[in-house]
Amino acid sequence: MSKQFDVIVIGGGPGGYIAAIRAAQLGFNVACIDEWKNAKGGPALGGTCTNVGCIPSKALLQSSEHYEHAGHGFADHGIKVEGLSLDIGKMLARKDQVVKQNNDGITYLFKKNKIASFHGRGSFVKAGDAGYEIKVAGATEETISGKQIIIATGSNARALPGTAFDEENILSNDGALRIGAVPKKLALIGSGVIGLEMGSVWRRLGAEVTVLEALPTFLGGVDEQIAKEAKKAFDKQGLKIELGVKVGEIKSGKKGVSIAWTNAKGEAQTLDVDKLIVSIGRVPNTIGLNAEAVGLKLDERGAITVDDDCKTNLPGVWAIGDVVRGPMLAHKAEEEGVAVAERIAGQHGHVNFNTVPWVIYTHPEIAWVGQTEQQLKAAGRAYKAGTFPFLANGRARALGDTTGMVKFLADATTDEILGVHMVGPQVSELISEAVVAMEFKASSEDIARICHAHPSLSEATKEAALAVDKRTLNF
Ligand code: FAD
Ligand code: NAI
């Protein structure tokens, strides 16, 4: 007889591993199946986020920022750096070590929570009286059964039609994180989150970077004022971003990659580069799940169809994270994982999609929560806006990092905060205050009345809240 579990989680990324931990905390007998392989073919828990996403990209963003500061930023502080050089091998090895620490951390957490960890591909065999039979195909093959199944199989990079990733010249996020020598010329297709983060890494390390974006507007989903400010900063840094382009034929050979493209004016162009990163979004991953065997419903995008509670069309089968609707973010996947485990336990797990923060870890950083000014206008909602520039913040001046601003949008009548948008230093951390405020349905006046430490960047948040009522103190 196959091993029986109360809950089987398929996928060990941030959605799956967190769901497994929460389910174990709630007293269930839990298994988690994950197929990711490390360089030696062993398990590497943590999914896209840990292995080729959030964690390694932030490690390289940090290293490359240090390099840029040493080369260009320290002089202003009276620090001379001579003979600066780059050991890209060591930088990549450090990044791999950071990834491994996170893989090991999750393995430890699984042991601590007595979660049975299976390394291999999980696929549906059939539904039966004891729940669902799931085949695990790894070094060996076995079948396990579970009453409740949580699918957290994540997403894969979208390829350009007719241009497959070879991870040598034409790179997905995977190859983009392990280029062995700084390319002289690098192109990225898509100026979304990956395009900007990975473009920044390789530009800081010395590559001449061009980003080709199909849409005529830069960061269309971001508040326009914030996106404009960010674009100004990227232009100044020398990150070449071409908007409104149409990418044509791509040829890859020994000498690199040649990209035919048409610019916004309709003029034909050719870009010859050493490497090309394609970052045009991601597709939900249900490869190998054998969804057909049990009649699991997918939508037209290939995502698993779920309701607001992450329930699929099958009883006892749930799906979370990148493989379902909603933003493809690790923290969104985690929140869904916790909520589903709690729902299985008969509790009232809840995810508030209106307060999921977004962060782009460039320099300046970009972060936001809630609605943009464009969205409020389109919805005909009466609002008040308040902004405060980091240029007028003492801590930002001391840091030598005064680009950007904080912007509040609040209801014109009730003053409830509807959105907070930031571009500037360390806004990835500052955005949390806005998330908390919105969760508690705070007004901009609530933030304006709270004592913020001086000198701190968070004073810009307070001042932007004051600006909603046109009473900034330092600007
Ligand atoms: P995944 O992390 O994709 O995990 C799915 C796991 O399931 C994988 O290990 C996969 O191997 C496994 N799997 C799939 N099918 C099977 C099967 N049949 N059997 C067994 N195992 C299977 N998000 C942020 O919030 N912040 C960031 O800074 C950030 N940076 C990113 C940077 C990059 C370069 C990329 C690519 C993404 C980034 N993301 C970031 C997005 C984030 O990585 C995803 O939103 C997140 O990983 C989704 O989690 P998940 O658990 O749904 O899926
Ligand atoms: P994205 O959706 O952020 O951006 C894709 C961009 O490519 C868009 O601007 C789109 O208009 C453009 N595009 C699409 N097709 C194109 C074409 N044929 N030619 C030119 N441009 C084209 O997707 P990206 O950057 O691949 O990232 C995927 C997801 O991963 C993100 O949406 C996000 O959910 C997640 N992520 C999150 C990060 C974070 O939270 N800091 C970091 C990196 C990724």
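That block above? That's the structure.
Since this is a predicted model, take the numbers as computed values, not measurements.

1. Overview of the site of ligand 1
Close contacts around ligand 1 come from 38 residues, with Asp-34, Thr-48, Lys-58, Gly-122 and Asp-322 the closest. A distance of 3.4 Å is found between an oxygen atom of ligand 1 and a backbone nitrogen or oxygen belonging to Cys-49. At 2.8 Å, a backbone N or O of Gly-122 approaches a nitrogen atom of ligand 1. For ligand 1, whose free accessible area comes to 1000 Å², the fraction covered by protein is 94%. For the shell around ligand 1, the leading source of residues is helix α2 (residues 47-52), giving four residues. Class assignment for the residues of the shell around ligand 1 results in 14 nonpolar, 18 polar and six charged.

2. Some thoughts on the nonpolar core
If you look at the biggest cluster of nonpolar residues, it comprises 35 residues, and the most contacted ones within it are Trp-202 and Ile-366. Discounting chain neighbours no more than four positions away, the residues touching Ile-366 are Leu-219, Val-222, Ile-226, Ala-230, Phe-234, Trp-358, Val-359, Ile-360, Met-422, Val-423 and Val-427. Counting 29 residues, the second-largest nonpolar core is a separate cluster that includes Phe-408, Leu-457, Ala-460 and Ala-465.

3. A look at the packing of helix α3 (residues 54-73) against helix α6 (residues 193-204)
Running from N to C, α3 and α6 point in directions that differ by 35°, and their axes come no closer than 9 Å. With respect to the hand of their crossing, α3 and α6 are arranged in left-handed fashion. Contacts from Ser-57, Lys-58, Leu-60, Leu-61, Ser-64, Glu-65, Tyr-67 and Glu-68 in α3 reach Glu-197, Met-198, Ser-200, Val-201, Arg-203 and Arg-204 in α6. Counted by class, the contact of α3 with α6 contains five nonpolar, three polar and six charged residues.

4. Topic: the pairing of strand β1 (residues 3-10)
The two faces of the sheet receive side chains in turn, since in a regular strand these alternate between them. One ladder, built from seven bridges, connects β1 with strand β6 (residues 141-151); its direction is parallel. Among the inter-strand pairings, Val-9 is bridged to a residue of β6, identified as Ile-150. Bridge analysis of β1 against strand β2 (residues 30-34) gives four bridges, and the strand direction is parallel. By the bridge assignment, Ile-10 is partnered in β2 with Ile-33. Taking the sense of rotation as the criterion, the β-α-β connection linking β1, helix α1 (residues 14-25) and β2 turns out right-handed.

5. Re unusual backbone geometry
His-363 connects to Pro-364 through a cis peptide bond whose omega is 5°. Along the chain, Pro-364 turns up in the loop between β18 (358-360) and β19 (365-370). Phi angles above zero are rare outside glycine, and Asp-415 is one such case at about 70°. Not every positive phi belongs to a glycine, and Gln-426 is a case in point at roughly 50°.

6. Points about the packing of aromatic side chains
A ring pair, where both rings are aromatic, is described by two values, the distance of the centres and the angle of the planes. Under the counting rule described, the total for this entry stands at five aromatic pairs. An angle of 75° between the planes, with centres 6.1 Å apart, marks the rings of Phe-218 and Phe-234 as edge-to-face. Placement of Phe-218 in the loop between β10 (208-212) and α7 (224-237) and of Phe-234 in helix α7 is noted, with a sequence separation of 16 residues between them. According to the relative accessible area criterion, Phe-218 is buried, its value standing at 10%. Assessed through its relative accessible area of 0%, Phe-234 is described here as buried. Ring geometry for Trp-358 against Trp-368: centres 5.6 Å apart, planes inclined by 5°, an arrangement best described as stacked. Taken together, the residues span a long stretch of sequence, with Trp-358 in strand β18 and Trp-368 in strand β19 at a distance of ten residues.

7. Digging into the sheet that holds strand β21 (residues 405-411)
What the five strands build is an open sheet, ordered β18-β19-β22-β21-β20; its pairing is antiparallel. Single-partner strands in this sheet number two, and they are β18 and β20 (383-389). Neighbouring strand axes in the sheet, compared pairwise and without regard to direction, differ in orientation by 10° on average. Relative to β19, β18 runs antiparallel, the two being bridged by three bridges. The residue of β19 that forms the bridge with Val-359 is Ala-367. Those strands touched by helix α13 (residues 458-468) are β20, β21 and β22 (417-424), and its axis lies near 140° from that of β20.

Parameters and conventions
- Residues numbered from 1 in each chain as written.
- Chains lettered and ligands numbered in written order.
- Predicted model: local features only at pLDDT ≥ 70, side-chain atom pairs only at ≥ 80, totals over all residues.
- Heavy atoms only, no water.
- Near = heavy atom within 4 Å.
- Polar contact = N/O pair within 3.5 Å; in protein donor to acceptor, adjacent residues only side chain to side chain.
- Areas by Shrake-Rupley, 256 points an atom, 1.4 Å probe, with all protein chains shown as cover.
- Helix = DSSP H or I, 4+ residues; strand = E, 2+ residues; numbered from the N terminus.
- Nonpolar A, V, L, I, M, F, W, Y, C, P; charged D, E, K, R; others polar.
- Core = buried A, V, L, I, M, F, W, Y, C linked by side-chain atoms within 4.5 Å.
- Buried < 20%, exposed > 50% of the residue type's maximum accessible area, 1.4 Å probe, protein only.
- Contact = heavy atoms within 4.5 Å.
- Axes fitted to C-alpha atoms, helices over the stretch in contact; angles between N-to-C directions.
- Left-handed = near helix turned anticlockwise from the far one by under 90°.
- Pairing = 2+ DSSP bridges.
- Right-handed = clockwise from strand over helix to strand, strands pointing away.
- Phe/Tyr/Trp six-rings, centres within 6.5 Å; stacked < 30°, edge-to-face > 60°.

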